[in-house]
Amino acid sequence: MLQFVQSLASPFYINYLASEKYFDKPAFIAYLNYLLYFTKPPYLKFLTYPGPTLRNLELLQNERFRTEILDPAVAMRFWLEGMEAAKEWPNKK
């Protein structure tokens, strides 16, 4: 379960899930909602990349995001935004 949650940090993996129609399955959407417990402190500490993982997990709760991420250009935009944030992060310390 932890590996799956951490894989949500990748917009390309989320794009893959969308292309495979996982987001059309109510049970899968319910599972994504269940995984929100990773936002709580006892579980948060296990995430390697908590920022992008939790951001994407929260975005996946939104039907519009689940539809738009099917577009590879949207996945690329999210990836580029993540790379920019990673470059700027050391300067914000």
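First things first, this report covers the structure right here in the doc. (Residues numbered from 1 in each chain as written. Predicted model: local features only at pLDDT ≥ 70, side-chain atom pairs only at ≥ 80, totals over all residues. Heavy atoms only, no water.)

1. Some remarks on the packing of aromatic side chains
Here's step 1: With the rule as written, the count across this model stands at 14 aromatic pairs.
Here's step 2: On the numbers, 6.4 Å between centres and 45° between planes, the contact of Phe28 with Tyr31 is tilted. With Phe28 and Tyr31 both in helix H3 (residues 26–34) and three residues apart, the pair spans about one turn of that helix.
Here's step 3: You can call Tyr31 partly exposed: its relative accessible area is 26%.
Here's step 4: Ring centres of Phe38 and Tyr43 lie 6.3 Å apart, and the angle between their planes is 65°; on these two criteria the pair is classed as edge-to-face.
Here's step 5: These aromatic residues form a ring-pair network of at least three members: Phe4, Tyr13, Tyr16, Tyr22, Phe23, Phe28, Tyr31, Tyr34, Tyr37, Phe38 and Tyr43.
Here's step 6: When the ring centre of Tyr22 is taken as origin, the NZ or CZ atom of Lys25, which lies over that ring, is 4.7 Å away. (Phe/Tyr/Trp six-rings, centres within 6.5 Å; stacked < 30°, edge-to-face > 60°. Helix = DSSP H or I, 4+ residues; strand = E, 2+ residues; numbered from the N terminus. Buried < 20%, exposed > 50% of the residue type's maximum accessible area, 1.4 Å probe, protein only. Lys NZ or Arg CZ within 6 Å of the ring centre and 35° of its normal.)

2. Focus: a nonpolar patch on the surface
Here's step 1: A cluster of nonpolar residues, Phe12, Met76, Trp79, Leu80 and Met83, forms a patch on the protein surface that exposes about 440 Å² of accessible area.
Here's step 2: Structurally, Met76 can be placed in helix H7 (residues 72–92).
Here's step 3: You can call Met76 partly exposed: its relative accessible area is 36%. (Patch = residues over 30% accessible without salt bridge, like charges linked within 9 Å, V, L, I, M, F, W, Y side chains within 5 Å. Areas by Shrake-Rupley, 256 points an atom, 1.4 Å probe, with all protein chains shown as cover. Salt bridge = Lys/Arg side-chain N within 4 Å of Asp/Glu carboxyl O.)

3. Structural notes on the pattern of salt bridges
Here's step 1: Under the defined criterion, the tally for this structure stands at two salt bridges.
Here's step 2: Close ionic contact of Arg64 with Glu68 constitutes a salt bridge, the shortest N to O distance being 2.7 Å. Highlighted residues: Arg64 and Glu68, both in helix H6 (residues 63–68), separated by four residues, approximately one helical turn.
Here's step 3: Arg77 is the partner of Glu81 in a salt bridge, and the nearest nitrogen-oxygen pair spans 3.4 Å. A residue pair is termed a helical-turn pair when its members lie 3 or 4 positions apart in one helix, as Glu81 and Arg77 do in helix H7 at four residues.
Here's step 4: Looking at Glu81, the relative accessible area reads 39%, which means it is partly exposed.

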